[in-house]
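Residue-level structural notes
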Number of protein chains: 2
Amino acid sequence: MSQSPWQPISPEKPVRAIREPLTRERIVDAAMRLLVEQGYDAVSMRKVAQVLDTGPASLYAHVANKKELDQLLVDRAAQDMNLPDTPDPDRWQEQLKDAMREMLRVMRANPGVARAAMGQVPLGERALLSTERMLGILKAGNLPDQAAAWAVDLIPLFVTATAFEETVKGGAATWTKDDIDGFVAYLRGFFESLPADRFPLTVALAGALTAGASSDERFEFGITVITAGLASLADGN
Amino acid sequence: MSQSPWQPISPEKPVRAIREPLTRERIVDAAMRLLVEQGYDAVSMRKVAQVLDTGPASLYAHVANKKELDQLLVDRAAQDMNLPDTPDPDRWQEQLKDAMREMLRVMRANPGVARAAMGQVPLGERALLSTERMLGILKAGNLPDQAAAWAVDLIPLFVTATAFEETVKGGAATWTKDDIDGFVAYLRGFFESLPADRFPLTVALAGALTAGASSDERFEFGITVITAGLASLADGN
DNA sequence: ACCTGAACACCGTTCAAGT
DNA sequence: ACCTGAACACCGTTCAAGT
């Protein structure tokens, strides 16, 4: 069944036009681009497939389902996280706070990752490395094993929820500082206008309740509370 | 243009069969039933409409959109929350912990509410009352105004994220204790099998990392850390 | 082995038309 | 004023058929 010998070599195949084969990596690349540029809701199997110039069904040869794709995206983002690998017992609290700030920074740089991370145990290699580093800091702080273990659950929970809230409020579009200020002013007015007999504290604290929305003060408050709370659990305290 | 007098009174109108008019309340009732029985993903405008024996478009006369319906659901759940209205300076920390336990209880009793609550400012009347009560406890603990205000942001963030994680892991179906134990055993084995040179702490703490999944120990840890952290910010501390 | 088209069973929202 | 059917522009996933 060999071909006839005078069959001409096919001339100048349009090599560049041949489709690169799909791979897990190309799929995650495309999904990540969508995630960063258009937010979590833009990452659908269909849109990812479209970016790769194919149909949604083709993705399922490389990725089990949407949830697995979400996990891959979270792990891809974890790659960018730069956590200290030399814990210092003398300044573990500052290191822990820096680690939380770094987590938030990465989640902000990749809007949508927070939503993808919510409610999944991060088992990717990069994510596990972050956990390992965090455990190092906590053990440097003399936390008991069990406290350190639960803390590496609590900390990402807090940071992820913070980042998720931010992106939900923004949606895909990004609010300008003026938009936020406008909303804050509205909210403050709303609190102040509540019946003072039933909501005395809400009315009195209207200013405080709406403060720090456009800065990191709220987040800083959170990491201060958590760090102080953890420190109170350290051995020999 | 009056009707002719001998027009007979329409005999025995099938009164019971006349459709009750749609109202906000009926819509929320139906949505709440779906939410509790089938989880957050079952609450679609279409399914709610179907339960009410109409089409999805009919709902939009009473509810602005899906997001507003979510807010209404959260407020309906807040109704069930029983928070102390007489703050006691001597045991404010215990009251605060009880309040968090109560919040989690209600969210567990209404699976899906946590997902609906994520990332929205709770502005319903019932939800605002919970905030007011929480502020009362925190002020009884001598927290500065700003700390109390940010704390009533941090606390629901933590409780909601905890409840959300639980329901995500379960999905609509509920895991049995055996299912959880099986998953925990798998996870523990996974951590123990990691390369000990790169993940020494993760391997060593595999047991601690997977402990307390089927009980409230993790949540109790979280409320202990947050309460202790807040206490450290109290005036005259 | 990998990829594809087409289908299945869904979404939220809008709008002209009816009562 | 309220409700409706039908449409628009989407989802995730499956599966038989192709290469």
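Where an unreviewed UniProt entry is consulted, chain A appears under the name TetR family transcriptional regulator, with the organism given as Kribbella steppae.

**Structural notes on the pattern of salt bridges**
For the structure shown, the criterion picks out 25 salt bridges over all chains. A salt bridge links B:Lys66 to B:Asp70, with the nearest nitrogen and oxygen atoms 3.7 Å apart. Taken together, the positions of B:Lys66 and B:Asp70, both in helix α3 (residues 66–78) and four residues apart, correspond to about one turn of that helix. Owing to a relative accessible area of 7%, B:Asp70 belongs among the buried residues under this scheme. Here B:Arg101 ties to B:Glu94 by a salt bridge, and the two come within 3.4 Å at their closest N and O atoms. Residues joined in a network through salt bridges with shared partners are A:Glu94, A:Asp98, A:Arg101 and A:Glu220.

**Focus on the relation of the copies chain B and chain A**
With an RMSD of 0.0 Å, the operation that places chain B on chain A is a rotation of 180° combined with a shift of 0.0 Å along the axis. A rotation of that kind, with that shift, is consistent with a two-fold axis. Taking C-alpha positions as reference, the residue of chain B nearest the rotation axis is B:Gly229, located at 1.9 Å. Looking at the interface residues of chain B, 100% of them are also at the interface in chain A, so both copies use one shared face.

**Re unusual backbone geometry**
Residues and elements named next belong to chain A. Backbone geometry places Asn142, a non-glycine residue, at a positive phi of 65°. Locating Asn142 in the fold gives a position in the loop between α6 (125–140) and α7 (145–170). With relative accessibility at 45%, the residue Asn142 sits in the partly exposed group.

**Brief notes about the interface of chain B and chain A**
Reports of interface size often rely on the accessible area that becomes lost once the parts have come together. The interface is formed by 54 residues belonging to chain B together with 54 residues belonging to chain A. Taken together, the two surfaces of chain B and chain A that pack against each other cover about 5,100 Å², and 76% of this comes from carbon and sulfur. Area buried by chain B at its contact with chain A is led by B:Glu132, B:Trp150 and B:Phe221, which between them contribute 14% of it. Where chain B touches chain A, the interface holds four salt bridges. Residue A:Arg198 pairs with B:Glu125 through a salt bridge whose shortest N-O separation is 2.9 Å. Taken together, the elements giving at least two residues each to the side of chain B that touches chain A come down to α6 (125–140), α7 (145–170), α8 (177–192), α9 (200–204), α10 (206–209) and α11 (217–231) of chain B. The dominant element in the side of chain B that touches chain A, judged by the number of residues it contributes, is α7(B), at 17 residues. Along the lines of polarity and charge, the residues of the side of chain B that touches chain A split into 34 nonpolar, ten polar and ten charged.

**Some thoughts on the UniProt feature "DNA-binding region" (unreviewed entry) in chain A**
When the UniProt feature table is mapped to this numbering, "DNA-binding region" (unreviewed entry) covers residues 44–63 of chain A. Taken end to end, residues 44–63 of chain A comprises 35% helix and 0% strand; its first and last C-alpha atoms sit 13 Å apart.

Here is what the cut-offs are and how they apply
Residues numbered from 1 in each chain as written. Chains lettered and ligands numbered in written order. Predicted model: local features only at pLDDT ≥ 70, side-chain atom pairs only at ≥ 80, totals over all residues. Heavy atoms only, no water. Salt bridge = Lys/Arg side-chain N within 4 Å of Asp/Glu carboxyl O. Helix = DSSP H or I, 4+ residues; strand = E, 2+ residues; numbered from the N terminus. Buried < 20%, exposed > 50% of the residue type's maximum accessible area, 1.4 Å probe, protein only. Least-squares fit on C-alpha atoms with pLDDT ≥ 70 in both. Contact = heavy atoms within 4.5 Å. Buried area = accessible area lost by both parts, 1.4 Å probe. Nonpolar A, V, L, I, M, F, W, Y, C, P; charged D, E, K, R; others polar. UniProt positions renumbered as here; feature names shortened; annotations may be inferred.

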